[in-house]
There are 2 protein chains.
Amino acid sequence: MTDLGKTPTRRELLTAIGMIGGTAALYQAMTTMAHAAETQFAGPPNLSGARKGATVIVLGAGLAGMLAAYELTKAGYRVRILEYQNRAGGRNWSLYGGDTYTELGGATQKVQFAPGNYLNPGPWRIPHHHRTLLHYCKAFGVKLEPFIQFNHNAYVHSDAFGGKPQRFKSLAADFEGNVAELLNKSIDQKALDATLTAEDRDKLKEALRDWGMLDKDMRYTKNLRSSEHRGFDRPPGGGVNGSPIPSEPFAFKDVLDSRIWTQMAFFMNYEFQTTMFQPVGGMGMIGKAFGAQVQPLVTFNAKVSKILQDKKGVTVSYTDTSTGQAQTARADYCVCTIPLGILNQIESNLSDPLKAAVAAVPYSNSVKIGLEMNRRFWEEDQAIYGGHSFTNQEISLISYPNFDYLKDGPAVLLGAFASGMGAYRLGGMTPEERIETALAQGSVFHPAQYRKEYRNGASVAWSRVPWTMGCCARWNEDTRKQHYQTLVGIDDRVVLAGEHASYVGCWMEGALLSSIDAITRLHKRALEA
Amino acid sequence: MTDLGKTPTRRELLTAIGMIGGTAALYQAMTTMAHAAETQFAGPPNLSGARKGATVIVLGAGLAGMLAAYELTKAGYRVRILEYQNRAGGRNWSLYGGDTYTELGGATQKVQFAPGNYLNPGPWRIPHHHRTLLHYCKAFGVKLEPFIQFNHNAYVHSDAFGGKPQRFKSLAADFEGNVAELLNKSIDQKALDATLTAEDRDKLKEALRDWGMLDKDMRYTKNLRSSEHRGFDRPPGGGVNGSPIPSEPFAFKDVLDSRIWTQMAFFMNYEFQTTMFQPVGGMGMIGKAFGAQVQPLVTFNAKVSKILQDKKGVTVSYTDTSTGQAQTARADYCVCTIPLGILNQIESNLSDPLKAAVAAVPYSNSVKIGLEMNRRFWEEDQAIYGGHSFTNQEISLISYPNFDYLKDGPAVLLGAFASGMGAYRLGGMTPEERIETALAQGSVFHPAQYRKEYRNGASVAWSRVPWTMGCCARWNEDTRKQHYQTLVGIDDRVVLAGEHASYVGCWMEGALLSSIDAITRLHKRALEA
């Protein structure tokens, strides 16, 4: 397997181990080699030895479906994709000026963004540990740029401070400073004598002083030291008036009322840890790049109505929505990536347990609203470059564009990323009402500029997206236990793939990892047949 | 001043206030308008009414000198710059393949980086609140891209864990989790009953549970919840083996020994808070862009030897180092941006208090080492995209490139950013010894790849830089009190400018703010003359 004349690379070693010992051995080897913890991705699937002429029909030209088609074709299978829409990418999608979108209920929006601006209705950011997606982005030539997830200088808005937004840095600094002061006080009051050794107590006190920016009396107070974290009333400058003026920390009660720990914990979340990425030009560039790889295999405008498998293969009935004609397609096997809510409505002879699994998983809703503004006032007036300002209102956050910083001219900010009840309320509105709500709620952050600089907007409510009727699968502990293995298992000649068939739900990475796992098992099954 | 037919913009308002009430009124107005705290920059200086034919000689074509020349020329002054080097930019500087650099002591390095790669020996990152620099970057067409300052997935190395580096995210999560558990325990032991109300104690407990990822018993333990912050043994995946496996938190004793709070506090520091920027193509692009604006004004290769002022003007003696010829230049006024250690060696009739101030401020040292590697193993093998891995060794950190992510081919990482004693030790070495030290120390993070993938390197020890003999001015509380106002004050016809004449020391922003303040006062003095 490896050329004995040279030292095998890590990839070669892992491939060799994988072929001999299977996935468990591979995983153990990766763990021993000490960086398995980043990902379950171990390279593209190994599908060698495919039977000549074996055929697969893939339902859905989203990322899971296209990856399946790409890898199965490479392995020698004859593959065909049926796709409901007239474009590849599925939920990987960007809306640009000139695009038209009609939602369930009939409302049609014509997007008016200036050239270069866009809204990503679905996925919009890529964690650094989503290695499968990064691998294929590189392989398919998708150029990436940093997505600014964490911005100390953006705002947090809540009922605290009379509804006045505060900078994340000030609230977070004050939370940490107060926690440090209180824990130090507790140590002094001997509350932890039974828990920590004297040596560890001393180390902890030093840590609290430095991390919490406490003064020499171990208090968190107004001084240049605490201002180094929370910001200054007058920051350091040059010349005669160069000396800084410290700022006054907030009352701890107000800091608690702001619930700033929610955002602090959010930024520490595995899925949102830095560094994150986005494709240059919009998330939809990924769907387009995948689409370019499988383009000859796709039949667009194909509305699947029936999936029937028998001892020899799978027959899929569909309607060509551009002509209205009924069609059928047949193959030895089927990889079905249709979202569960849609699949649940399609006639099939899938097994009853699989049907029950498909029916058991609800989809979340979410609403995204893009607002085009005349200028980047958040940058020019408030020194916010990328990242999010959070609110406890329905819009949940506004997020600033992560490209073309400092540029003159119109820019699109994400004016809402609503979920839960907020998403249902916004989803129930007309597109015009959604924009109005986004402008009203977002104005708390930029009262002087928000309405004044507004040009136009677009929104997508996922509950009204005709081809998914929801955003993504929401498993819970019970449904996982009862249905997950059934859902991902091969049902005779059909296997499901997509973010819904993963533990990385609602992420493109989940769709890809699921797809690799599904086609690897399907290939094995095909070889056994 | 403002067109009464339309609402004045914020900038117009501030300019109007500034002209009527001066800086103090302006500052107060900005504070009231609630975003003064970002910067002392209030737009380019207003130097209207310059006397026709008035002349200024600027010493040094670093950022402070070039900004002074640019704004004074715009205002109508006749300006000339004398620069010791044969290029503009001063400490704003990038080294590219093909460049040659000779340090004090005589060692010459020929940089061998591949095209597109570079080392920034001096400044390398721009805080979002350095508004003066951002303003002129935009005005002069410097394209910026994000500098990844904060990377949860990079390493921290210390004597803890037997010297094995750990990911920042895991150490930080464990620090926060333990602090949360301990403070909650203290509350339960009534250590804070006298300090916090019952209501605030309840809110704080909720905060600690959510921020610290505590379990239902308010313990920080091994489970999927704590792994959401610290990372998984097996992260969530797709298909049959999709379920995640949690990781075991470190012993708190080891977390304390790692001193992780140092990095946690570092990332909360005002100067290092996100979002940060770097110019596309290297920091030196800024010096080049400023240089392009003032190019006709600059005399390069001019080594100043004497600065003499009299009642009518300032005479500067210098040697043209390309010909060896002695020259003089004369002007009504002089803006001197020469670094203090150099200025201290130049003959002058500056006042004794100013001379004492110039002599009183020591310069820090620092050493940067660029290492070109065959491939981006930190990205490919360890999922680190930009940011820094920290160590308590002399190199202090290694920093990963923040551009061309995922690209094949050689890339340059910063193999050392030493200061203090480490910088003096590295500065005392030959360039070859520095590289060897950087490779030896940096290998702790990437033992399998570091030496194997190394191609070539370059280093700059600021104590050996002929035109500064140090990195930047290091004021302390005493020298500020005794000398700062003298240093920035106008000495008859000479005013000093540069990062050393600011409270934003060692940053380009300090040089620019100092320059604006200096020429604004000089202009006022000139009008009074």
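Bear in mind the structure is a predicted one, so any value in this text is a computation, not a measurement. Each chain carries its own residue numbering, running from 1 in the written order of its sequence. The lettering of chains begins at A and the numbering of ligands begins at 1, in the order of writing. Since the coordinates come from a predicted model, pLDDT governs what is reported: local features require at least 70, and pairs of side-chain atoms require 80 or more to be given and counted, while whole-chain, interface and lining totals use all residues. Only hydrogens and water are removed before side-chain values are computed, so all heavy atoms of the structure are retained for them.

### A few points about the interface of chain B and chain A
Alright, step 1. In what follows, residue pairs with any heavy atoms lying within 4.5 Å of each other are defined as contacts. Between chain B and chain A, the residue contacts involve 93 residues of the former and 95 residues of the latter.
Alright, step 2. Here a salt bridge means any side-chain nitrogen of Lys or Arg lying within 4 Å of a carboxyl oxygen belonging to Asp or Glu. At the surface where chain B touches chain A, the tally comes to six salt bridges.
Alright, step 3. Between Glu206 of chain A and Arg259 of chain B there is a salt bridge; the shortest N-O distance is 2.7 Å.
Alright, step 4. Contacts described as polar in this section are N or O atom pairs within 3.5 Å, which, within protein, must combine one atom able to donate a hydrogen with one able to accept it, while residues neighboring in sequence count only if both atoms come from side chains. At the boundary of chain B and chain A, one finds 43 residue pairs in polar contact (both at pLDDT 80 or more).
Alright, step 5. A run of H or I in DSSP becomes a helix once it reaches four residues, and a run of E becomes a strand once it reaches two; helices and strands are each numbered from the N terminus. In terms of residue count, helix H4 (residues 168–188) of chain B provides more of the side of chain B that touches chain A than any other element does, ten residues in total.
Alright, step 6. The classification used treats Ala, Val, Leu, Ile, Met, Phe, Trp, Tyr, Cys and Pro as nonpolar, Asp, Glu, Lys and Arg as charged, and all other residues, Gly among them, as polar. Here the side of chain B that touches chain A is composed, by residue class, of 44 nonpolar, 25 polar and 24 charged.

### Some remarks on the relation of the copies chain B and chain A
For these two chain copies, the linking operation is a rotation about an axis paired with a shift along it.
Alright, step 1. Copy-to-copy superposition: least squares on the C-alpha atoms, limited to residues that have pLDDT of at least 70 in both copies. In the superposition of chain B on chain A (RMSD 0.0 Å, axial shift 0.0 Å), the rotation amounts to 180°. This pairing of chains is accounted for by a two-fold axis.
Alright, step 2. In this assembly, 100% of the residues forming the interface of chain B have copies in chain A that are likewise at the interface, indicating an isologous arrangement.

### Topic: helix H15 (residues 477–488) of chain B
All names here are of chain B.
Alright, step 1. By this rule the span expected of a helix is its residue count minus one, scaled by 1.5 Å. Look at H15: 16 Å from first C-alpha to last across twelve residues, which is about the 16 Å you get at 1.5 Å a residue.
Alright, step 2. Each residue is placed in one exposure class: buried if its accessible area under a 1.4 Å probe, protein chains only, is under 20% of its type's maximum, exposed if it is over 50%, and partly exposed if it falls in between. Along H15, the residues that are buried comprise Thr479, Arg480, His483, Tyr484, Leu487 and Val488. Along the axis of H15, the buried positions cluster into a sector of 130°, meaning they face one direction only. In H15, the exposed residues that point more than 90 degrees away from the buried face are Asp478, Lys481 and Gln482.
Alright, step 3. Contact partners of the buried residues in H15: helix H10 (340–343), helix H11 (352–360), strand S25 (494–496) and helix H16 (508–528).
Alright, step 4. Measuring from the backbone nitrogen of Asp478 back to the side-chain oxygen at the start of H15 gives 3.0 Å, which picks out Asn476 as the cap. In this context, the arc is that of the directions from the helix axis out to the C-beta atoms.

### Describing the pairing of strand S11 (residues 276–279) of chain B
All names here are of chain B.
Alright, step 1. Along S11, one buried face is formed by Met276 and Gln278 and the opposite face, lined by Phe277 and Pro279, is buried too.
Alright, step 2. In short, DSSP must find at least two bridges between two strands for them to pair. With two bridges joining them, strand S7 (residues 126–127) and S11 adopt antiparallel strand pairing. Considered in S11, the bridge of Ile126 is made with Phe277.
Alright, step 3. Across four bridges, the pairing between strand S8 (residues 144–147) and S11 is antiparallel.

### Remarks on the domain arrangement of chain A
Alright, step 1. Along its sequence, chain A is organised into domain 1 (1–38), domain 2 (48–88 + 291–360 + 474–528), domain 3 (95–153 + 274–282 + 366–464) and domain 4 (169–256).
Alright, step 2. For domain 3 of chain A versus domain 4 of chain A, the distance between C-alpha centres works out to 35 Å. Where each domain starts and ends comes from a domain assignment, either automatic or drawn from a database.

### Quick word on the UniProt feature "domain: Amine oxidase" (unreviewed entry) in chain A
Alright, step 1. UniProt positions are given in the numbering used here, feature names are shortened, and annotations may be inferred rather than shown by experiment. The UniProt entry lists residues 63–518 of chain A under the feature "domain: Amine oxidase" (unreviewed entry), expressed in the numbering used here.
Alright, step 2. For residues 63–518 of chain A, the helix share is 33%, the strand share is 22%, and the end-to-end C-alpha distance is 13 Å.

### A word on the sheet that holds strand S16 (residues 333–336) of chain B
Sheets are built from strands paired through backbone hydrogen bonds, the pairs being either parallel or antiparallel.
Residues and elements named next belong to chain B.
Alright, step 1. Spatially, the five strands line up as an open sheet ordered S12-S2-S1-S16-S25, and their pairing is parallel. Strands with a single pairing partner mark the edges of an open sheet, and in this sheet they are strand S12 (298–299) and S25.
Alright, step 2. With three bridges joining them, S16 and S25 adopt parallel strand pairing. Residue pairing for S25: Val335 is matched across the bridge by Val495.

### Quick word on the pattern of salt bridges
Alright, step 1. Tallied over the full model, the rule gives 54 salt bridges over all chains.
Alright, step 2. A salt bridge links Glu380 of chain A to Arg375 of chain A, with the shortest nitrogen-to-oxygen separation between them at 2.6 Å.
Alright, step 3. The exposure class of Glu380 of chain A is partly exposed, given its relative accessible area of 32%.
Alright, step 4. Taking the shortest distance from any N to any O, the salt bridge between Asp188 of chain B and Lys205 of chain B comes out at 2.5 Å. Taken as a pair, Asp188 of chain B in helix H4 and Lys205 of chain B in helix H5 (residues 198–211) lie far apart in primary sequence, 17 residues in all.
Alright, step 5. Relative accessible area serves as the criterion here: at 47%, Asp188 of chain B is assigned to the partly exposed category.
Alright, step 6. With relative accessibility at 21%, the residue Lys205 of chain B sits in the partly exposed group.

### Some thoughts on helix H3 (residues 131–139) of chain B
Alright, step 1. Turning to H3 of chain B, its buried residues number three or more, namely Arg131, Thr132, Leu133, Leu134, Tyr136 and Cys137 of chain B.
Alright, step 2. Just past H3 of chain B, the residue Gly141 of chain B takes up positive phi, approximately 75°.

### Some remarks on the sheet that holds strand S25 (residues 494–496) of chain A
Residue and element names in this part refer to chain A.
Alright, step 1. One open sheet holds the five strands; their spatial order is S12-S2-S1-S16-S25, and the pairing between them is parallel. Two strands in the sheet have a free side with no partner beyond their single neighbour: strand S12 (298–299) and S25.
Alright, step 2. Pairing between strand S1 (residues 55–59) and strand S2 (residues 78–82): five bridges, direction parallel. By the bridge assignment for S2, Thr55 is matched with Arg78.
Alright, step 3. Along the sheet, helix H2 (residues 63–75) contacts S1, S2 and strand S16 (333–336); its crossing angle with S2, the most-contacted strand, is approximately 165°. Lines are fitted to the C-alpha atoms to define the axes, a helix being fitted only along its stretch in contact, and any angle between axes, read from their N-to-C directions, falls within 0 to 180 degrees.

### Some points on the state of the cysteines
All names here are of chain A.
Alright, step 1. Cysteine sulfurs are considered disulfide-paired once they come within 2.5 Å of each other. Under the definition given, this model contains two disulfides over all chains.
Alright, step 2. Between Cys472 and Cys506 runs a disulfide, and the two sulfur atoms are separated by 1.9 Å. The sign of the 90° torsion about the S-S bond sets the Cys472-Cys506 disulfide as right-handed. With a gap of 34 residues between them, Cys472 in strand S24 (residues 472–473) and Cys506 in the loop between S25 and helix H16 (508–528) connect regions that are remote in the sequence.
Alright, step 3. Note on Cys472: relative accessible area 4%, which makes it buried.
Alright, step 4. Cys334 supplies the cysteine sulfur nearest to Cys336, a cysteine that is in no disulfide, at a spacing of 5.5 Å.

### Concerning the packing of aromatic side chains
Alright, step 1. Aromatic rings from Phe, Tyr and Trp, taking only the six-membered ring of Trp, are treated as a pair when their centres fall within 6.5 Å; an angle between ring planes under 30 degrees marks them as stacked, one over 60 as edge-to-face, and anything in between as tilted. The tally for this structure, following the rule as stated, stands at 66 aromatic pairs over all chains.
Alright, step 2. Here the aromatic rings of Trp124 of chain A and Phe147 of chain A are separated by 5.2 Å at their centres, their planes lie at 90°, and the arrangement is edge-to-face. Note that Trp124 of chain A is positioned in the loop between strand S6 (118–119) and strand S7 (126–127) and Phe147 of chain A in strand S8 (residues 144–147), a separation of 23 residues in sequence. Summarising the burial analysis for this pair, Trp124 of chain A and Phe147 of chain A share the class buried.
Alright, step 3. Plain terms: the ring middles of Trp462 of chain B and Trp467 of chain B are 5.8 Å apart, the flat faces sit at 90° to each other, and that makes the pair edge-to-face.
Alright, step 4. Exposure remark for Trp467 of chain B: the relative accessible area of 12% places this residue in the buried category.
Alright, step 5. Here, a charge over a ring means that NZ of Lys or CZ of Arg falls within 6 Å of the ring centre while also lying within 35 degrees of the ring normal. The ring of Phe250 of chain A is capped by Arg230 of chain A, whose NZ or CZ atom sits 4.7 Å from the centre of that ring.

### Structural notes on the side chain of Arg230 of chain A
Alright, step 1. Note that Arg230 of chain A resides in helix H6 (residues 224–230).
Alright, step 2. In terms of polar contacts, Arg230 of chain A uses its side chain to reach the backbone carbonyl oxygen of Glu248 of chain A, at 3.2 Å.

### Some words on the pairing of strand S21 (residues 397–400) of chain B
All names here are of chain B.
Alright, step 1. Side-chain alternation along S21 places Leu397 and Ser399 on one buried face and Ile398 and Tyr400 on a second face that is also buried.
Alright, step 2. Note: strand S20 (residues 387–391) against S21, four bridges, orientation antiparallel. Bridge pairing links Gly387 to Tyr400 in S21.
Alright, step 3. Between the antiparallel neighbours S20 and S21 lie five residues, among them Ser396 with a positive phi of about 75°.

### Concerning the side chain of His483 of chain A
Residues and elements named next belong to chain A.
Alright, step 1. With respect to the helices and strands, the residue His483 is situated in helix H15 (residues 477–488).
Alright, step 2. Of the residues examined, His483 reaches a relative accessible area of 12% and is grouped as buried.
Alright, step 3. If sequence neighbours within four positions are ignored, His483 has contacts with Ala356, Ala357, Ala360 and Trp475.

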